[in-house]
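# Descriptive analysis of the structure
So you can see what is in the structure, the chains are spelled out below.
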Amino acid sequence: MVNSLKASLQGSEVPERVLVLLSGGIDSAVALWMIRRERPESEVYSLSINYYRRSAAEAEYAAKLAAKAGVVSHTIIELHFLREIEDQQSPSQITYKGAELPPVFIPVRNLIFYSCAAHVATSINAKRIVVGHNRDDAENFPDVGPTFIESFNQLLRESLPGYDLTLEAPLIKYTKREVLRMAVELGVPLEDTWSCWGPGAVHCGRCEGCRTRQRMFRDLGIRDPVAYERINTP
Ligand SMILES: [Zn+2]
């Protein structure tokens, strides 16, 4: 009786641990702030993965976000062999919904990222992995979306019997614009988010990442606090 009481007390004292995959972009920042609000008692950890030519600024912004969110620890994994299609020597012909994938697509990226996150999760006894993919990602890339995530969770159940680890994408039903509105509502420090695909220390304003960001902020009437080398007119 005493032992079972002690066990239940110990059980209730152990906080839930969550690992958030944090890129430095708005979406994963929203996922992180959402977890903090919805489960304030949780211990939150973050993980960033550096791949070939990943922008140093993006990595730096991810670390800033992690610090502002007050995560227990922010882990960085180096996977420099992972290349975007545009950086491959002989890019494979990979299409999705009959169209070519954007040059920033990294083949098998999410299977690798999620697997790395699962390994790290077991090392800190986290039972939940949270990723920031949204509905636009799911429509544009093959390795995102509810079916892919459920398939990965099935693999987790088979890979880690009895451990009960799940991967969740709480923003998967929301468009990129809806996620930006959520960022404002959650108080995400947008000045510490990075959306540029270029290598510079400042948002270039020319790449598709910057153009999409500028358009979204403008259309929603939200002030974008980051600096740009160039501001595009509508
Ligand atoms: Zn840019």
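Everything quoted here is computed from the prediction, not taken from an experiment. (Residues numbered from 1 in each chain as written. Predicted model: local features only at pLDDT ≥ 70, side-chain atom pairs only at ≥ 80, totals over all residues. Heavy atoms only, no water.)

### Let's talk about the domain arrangement of the protein
If you check the domain split of the protein, you get domain 1 (15-191) and domain 2 (195-234). Each of domain 1 and domain 2 was reduced to a C-alpha centroid, and the two centroids are 22 Å apart. Each side of the interface is counted separately: domain 1 has eleven residues, and domain 2 has 15 residues. When domain 1 packs against domain 2, close to 1200 Å² is buried across both sides, 74% of that on carbon and sulfur atoms. Area buried by domain 1 at its contact with domain 2 is led by R177, L180 and L190, which between them contribute 39% of it. Inspection of the domain 1/domain 2 interface yields one salt bridge. Between R177 and D219 there is a salt bridge; the shortest N-O distance is 2.8 Å. (Domains from an automatic or database assignment. Contact = heavy atoms within 4.5 Å. Buried area = accessible area lost by both parts, 1.4 Å probe. Salt bridge = Lys/Arg side-chain N within 4 Å of Asp/Glu carboxyl O.)

### A few points about the nonpolar core
Grouped together as the largest cluster of nonpolar side chains are 35 residues, with contacts concentrated most on L19, L21, L47, I49 and I129. Breaking this core down by element, the ones donating at least two residues are β1 (17-21), β2 (43-51), β3 (74-79), α4 (109-124) and α6 (146-159). For this core, the element with the most residues is α4, which contributes eight residues. Grouped together as the second largest cluster of nonpolar side chains are 29 residues, A62, V71, L171 and M182 included. (Core = buried A, V, L, I, M, F, W, Y, C linked by side-chain atoms within 4.5 Å. Buried < 20%, exposed > 50% of the residue type's maximum accessible area, 1.4 Å probe, protein only. Helix = DSSP H or I, 4+ residues; strand = E, 2+ residues; numbered from the N terminus.)

### Regarding the environment of L155
Note on placement: L155 falls in helix α6. Taking the C-alpha atoms as reference, L155 lies 9.8 Å from S115; in sequence the two are 40 residues apart.

### A short note on the sheet that holds strand β6 (residues 128-130)
Strand order in the open sheet formed by five strands is β3-β2-β1-β6-β7, with parallel pairing between adjacent strands. At either end of the open sheet lies a strand with only one pairing partner, and these are β3 and β7 (166-168). Adjacent strand axes in the sheet meet at a mean angle of 25° when their direction is disregarded. Taken together, the three bridges between β6 and β7 define a ladder with parallel strand orientation. Within the sheet, the bridge partner assigned to V130 lies in β7 and is E168. Running over the sheet, helix α3 (residues 56-69) touches β2 and β3 and is turned about 175° from β2. (Pairing = 2+ DSSP bridges. Axes fitted to C-alpha atoms, helices over the stretch in contact; angles between N-to-C directions.)

### Concerning the pairing of β1
Summarising burial for β1: four of the five residues are buried, a large majority. Examined bridge by bridge, β1 and β2 share five bridges and lie parallel to one another. Residue pairing for β2: V20 is matched across the bridge by S46. The parallel pair β1 and β2 is bridged by helix α2 (residues 26-38), and the resulting crossover is right-handed. Bridge analysis of β1 against β6 gives three bridges, and the strand direction is parallel. (Right-handed = clockwise from strand over helix to strand, strands pointing away.)

### Focus on the packing of α2 against helix α7 (residues 176-186)
Describing two packed helices takes the angle between their axes plus the distance from one axis to the other. Their axes nearest at 9 Å, the elements α2 and α7 cross at an angle of 45°. Classified by the interaxial angle, the pair formed by α2 and α7 is oblique. Note on packing geometry: the crossing formed by α2 with α7 is left-handed. The segment α2 lies against α7, with I26, D27, V30, W33, M34 and R37 engaging K176, V179, L180, M182, A183, E185 and L186. Its residues assigned to classes, the contact of α2 with α7 comprises nine nonpolar, no polar and four charged. (Parallel < 35°, antiparallel > 145°, perpendicular 65-115°, else oblique. Left-handed = near helix turned anticlockwise from the far one by under 90°. Nonpolar A, V, L, I, M, F, W, Y, C, P; charged D, E, K, R; others polar.)

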